[in-house]
Amino acid sequence: MNFLPIVHREMLAAARKPMTYYSRSLTGLVAFATGLGFVFAGYNRVMTAASAGQVAFGLLAVGAYVFLAAQAMLLTCDCVSLEKREGTLGLLFLTDLNGFDIVAGKLAAQVSRSAYCLLAAFPAFGFCILLGGVGLGDLAVVTLGLLNTLFFFATLGVLISVCVWRERTAMGWGGLALLALGVLFPLLGMIAIPGLMPVPKFLLALIPAGALLALIPAAGISPAMSLLIPHALGWLFFGAASWLVRRSWIPAAKVLPPRPAHATRQARTPASVPTPWVSEPANPLLTTALLIIICTVGLAAALLGPRWMYAWAMPATILLLHSVLKYQAASQAGRMLAGKRRSGELEMLLTTPYDEDEILRGCFYELIRSLYWPTLFALGVDLTLVILGCWKPWFGAGLMWAFIVAVEVVWLLVNLYSLSWVGLFQGIKLGNPAKAAGRAIFNVVLLPWVLGICFAGLAAVLAPGNTGPEVVFPVAVIFVGSLTFCNFYFAGSAINELRDGFRPWAARS
Amino acid sequence: MKPVLPSPAMPAPASVDRVRMIRRSIRCFAFGLAGAVPLFGLGTAFLALRLQRELARETGVPARAALMDGSAVVAFALMLMSLLYDQAGFALALGFLLCAVQGYLLLRQYRRTEPADWNPARHLVYWGAALARTGLILSATIILAGVWAAIRDN
């Protein structure tokens with residue numbers, strides 16, 4: 001038998017997917033535009049060359065970190081559990097394959113695209129060295145740190161996937177791990193480095209972001225340790241997943257809990273909406289818990305923290321709350337029809353008197369039900385922070401702050417609407433909840449930023465050294481245009497496809 | 001045994017789902033209405049035009065978009081030229097003229113073409129397309145004017 005046969009097969013399959021090439025080109029383009037923009041800013045004395053290099057380097061590193069961590073976790077957290085639910089994992093064990101082969105294959109399949117994207121973005125880091133302020137050593141640490149991030153979160157995702165059966169549980173644990181280890185820990189580290197909070201610094205060496213934080217001179221973290229420990233943890237997760245995958249495979253009927261009865265909920269829903277048969281029962285407990293944690297930390301920092309923390313805590317709390325809600329909307333919508341399509345339940349449902357409009361209405365009803373209270377809670381927190389912002393005397397333009405929050409709230413509602421439709425469509429199209437959620441988030445939330453960065457880079461090339469309103473205004477107009485374009489185009493397209501082609505999509509095996 | 005005469009070919013099944021067609025026409029109008037808003041309606045304007053093309057293909061209307069697209073390209077080239085010569089008013093006038101020309105061409109197409117399959121909501125498709133094109137022209141004019149202002153002041 002070949003060495004790592006599944007890895008070989010998955011790499012060949014990935015090489016034939018157009019998305020592998022598109023995503024790589026797009027990432028390279030965004031990184032190139034960002035780097036080029038700062039090169040022009042540096043050489044035209046908008047800022048000093050060294051500071052332009054440092055800012056560009058920091059932006060690229062943080063952007064790549066967020067992208068890699070999120071993509072690795074989203075793509076891997078349901079990859080083995082999906083096989084378990086479909087009953088195909090057992091078939092693999094009828095061959096000579098062992099747990100190591102399967103986990104390595106899954107890892108290679110899910111991670112290869114992200115690794116290619118990272119490779120495509122690396123040349124942009126070279127611009128920063130050209131500008132100065134960044135050394136080759138920094139570049140080496142960040143490169144290894146980013147590769148470590150990819151490996152750490154991908155192996156953790158596979159481990160989660162091996163341990164659970166249901167997609168909702170997998171995505172819930174994946175999201176929680178990402179938020180805790182990928183966002184909250186690094187944020188705590190950034191607060192701890194100036195010595196404002198008594199957080200033991202060795203804890204930062206346990207997470208992959210520690211390598212990036214180690215570049216801050218005041219951090220006092222050893223770059224070698226912050227690279228080695230997360231890498232070792234990644235191999236530990238990999239080993240645990242390889243060992244567990246053979247043992248966790250048991251017939252689904254013995255493990256899956258029975259579907260909860262929906263009789264009480266059906267009594268509350270309109271008679272024409274087939275909610276219980278259409279959708280997974282929504283459980284907003286995890287989202288609510290996350291929202292409460294973020295809101296408590298944010299409010300505590302805003303009320304008790306020093307002045308600089310107050311100014312950062314309020315926008316960060318609002319953005320984090322909204323991001324959790326957006327993720328929840330995309331993942332909930334993505335898994336609503338995906339599993340039903342794969343198992344053929346959707347096709348059977350269409351043989352009943354319910355038509356596609358009623359099924360879609362049922363899905364939307366369920367989505368609104370699951371997001372109603374979390375959204376209200378987030379809006380309540382937004383309102384509290386607006387009042388706090390206007391009340392604090394030094395916060396200057398309170399009205400401006402209220403206006404910005406109002407725009408962000410409107411944008412959240414528009415995004416939730418678009419993500420719901422796009423998630424539903426991608427779910428029925430791809431049949432994979434994690435991929436559906438990822439693609440919905442990319443199309444609706446991330447793509448406008450990609451376009452905005454590209455236009456900003458173009459503006460920096462066309463009007464070098466000019467930061468006046470005559471340059472900022474067109475870029476802002478184009479950015480707003482791309483934001484609205486991506487939201488409404490993809491939402492409208494999803495509505496169109498779902499209403500016209502629901503039956504053909506549902507009938508796909 | 002080979003038959004002497006060729007067997008008569010079965011007529012192609014011309015089953016058009018009229019309910020679906022009417023719904024798509026109404027959706028085209030709704031998208032076009034939203035697309036008439038400059039900048040914010042860019043996405044839905046493209047969707048309305050896509051739906052119009054698909055409906056035309058479904059109902060057997062010959063596609064005659066070349067004249068409209070050609071006039072748009074010529075008008076935008078003229079607009080760009082006039083902006084380069086600091087004639088912003090002329091560019092704006094060209095934008096309005098282009099809207100009128102596109103509206104006239106659509107009206108002419110609506111009156112002169114007869115679809116192979118009857119679509120009772122055909123007028124809505126044309127209204128949607130007209131609104132979407134208006135929105136696209138306005139958005140393009142605003143973006144062009146913004147870019148021109150940036151280049152001129154630099």
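1. What to know about helix α2 (residues 42-59) of chain B
Okay, so step 1: Helix length check: α2 of chain B, at 18 residues, gives a terminal C-alpha distance of 26 Å against a target of 26 Å (1.5 Å per residue), a fit within 8%.
Okay, so step 2: Turning to α2 of chain B, its buried residues number three or more, namely Leu-42, Gly-43, Thr-44, Ala-45, Phe-46, Leu-47, Ala-48, Leu-49, Leu-51, Gln-52, Leu-55 and Ala-56 of chain B.

2. Quick look at helix α4 (residues 79-86) of chain A
All names here are of chain A.
Okay, so step 1: Burial of α4 is extensive: six of the eight residues sit out of reach of the surface.
Okay, so step 2: Of all the positions in α4, only Cys-79, Val-80, Ser-81, Leu-82, Lys-84 and Arg-85 are classed as buried.
Okay, so step 3: Positive phi appears at Gly-87, one or two residues downstream of α4, with a value of about 80°.

3. Some remarks on the interface of chain B and chain A
Okay, so step 1: Facing the 21 residues of chain B at the interface are 22 residues of chain A.
Okay, so step 2: Broken down by element, the residue count for the side of chain B that touches chain A peaks at nine residues, all from helix α5 (residues 122-153) of chain B.
Okay, so step 3: Partitioning the side of chain B that touches chain A into residue classes produces 12 nonpolar, five polar and four charged.

4. A look at the nonpolar core
All names here are of chain A.
Okay, so step 1: Ranked by size, the top nonpolar core spans 176 residues in total, and within it Leu-321 and Leu-424 carry the most contacts.
Okay, so step 2: Looking at which domains feed residues into this core, each of domain 1 (1-252) and domain 2 (274-509) gives three or more.
Okay, so step 3: Apart from the residues lying within four places of it in its own chain, the contact partners of Leu-424 are Ala-333, Met-336, Leu-337, Cys-363, Ala-494 and Leu-498.

5. Some thoughts on the confidence of the model for chain A
Residues and elements named next belong to chain A.
Okay, so step 1: The predicted model of chain A averages 79 in pLDDT, with 83% of residues at 70 or higher.
Okay, so step 2: Across residues 252-256, confidence stays below pLDDT 50; counting only partners more than four residues off in sequence or on other chains, it has seven contacts.
Okay, so step 3: Contacts for the low-pLDDT stretch residues 261-271, under 50 throughout, to residues beyond four places or in other chains number seven contacts.

6. Structural notes on the environment of Leu-150 of chain A
Okay, so step 1: Looking at the secondary structure, you find Leu-150 of chain A in helix α7 (residues 136-163).
Okay, so step 2: Setting aside residues up to four positions removed in sequence, Leu-150 of chain A forms contacts with Leu-68, Ala-72, Val-111, Ser-114, Ala-115 and Leu-118 of chain A.

7. Regarding the packing of helix α2 (residues 18-43) of chain A against helix α6 (residues 99-131) of chain A
Residue and element names in this part refer to chain A.
Okay, so step 1: Orientation of α2 relative to α6, taken along the N-to-C sense of each, is 10°, at an axis distance of 8 Å. Overall, the two elements α2 and α6 adopt an arrangement that is roughly parallel. In this structure, α2 crosses over α6, and the sense of that crossing is right-handed.
Okay, so step 2: Looking at the contact of α2 with α6 residue by residue, the classes come out as 14 nonpolar, seven polar and two charged.

8. Details of unusual backbone geometry
Residue and element names in this part refer to chain B.
Okay, so step 1: Positive phi values are uncommon outside glycine, yet Leu-39 reaches one of about 65°.
Okay, so step 2: As for its position among the elements, Leu-39 is in the loop between α1 (18-35) and α2.
Okay, so step 3: Of the residues examined, Leu-39 has 19 C-beta atoms within 10 Å and is grouped as partly exposed.

Analysis parameters
- Residues numbered from 1 in each chain as written.
- Chains lettered and ligands numbered in written order.
- Predicted model: local features only at pLDDT ≥ 70, side-chain atom pairs only at ≥ 80, totals over all residues.
- Helix = DSSP H or I, 4+ residues; strand = E, 2+ residues; numbered from the N terminus.
- Expected span 1.5 Å × (residues − 1).
- Buried ≥ 20, exposed ≤ 12 C-beta atoms within 10 Å, placed from the backbone.
- Contact = placed C-beta atoms within 7 Å.
- Nonpolar A, V, L, I, M, F, W, Y, C, P; charged D, E, K, R; others polar.
- Core = buried A, V, L, I, M, F, W, Y, C linked by C-beta atoms within 7 Å.
- Domains from an automatic or database assignment.
- pLDDT = per-residue confidence, 0-100.
- Axes fitted to C-alpha atoms, helices over the stretch in contact; angles between N-to-C directions.
- Parallel < 35°, antiparallel > 145°, perpendicular 65-115°, else oblique.
- Left-handed = near helix turned anticlockwise from the far one by under 90°.

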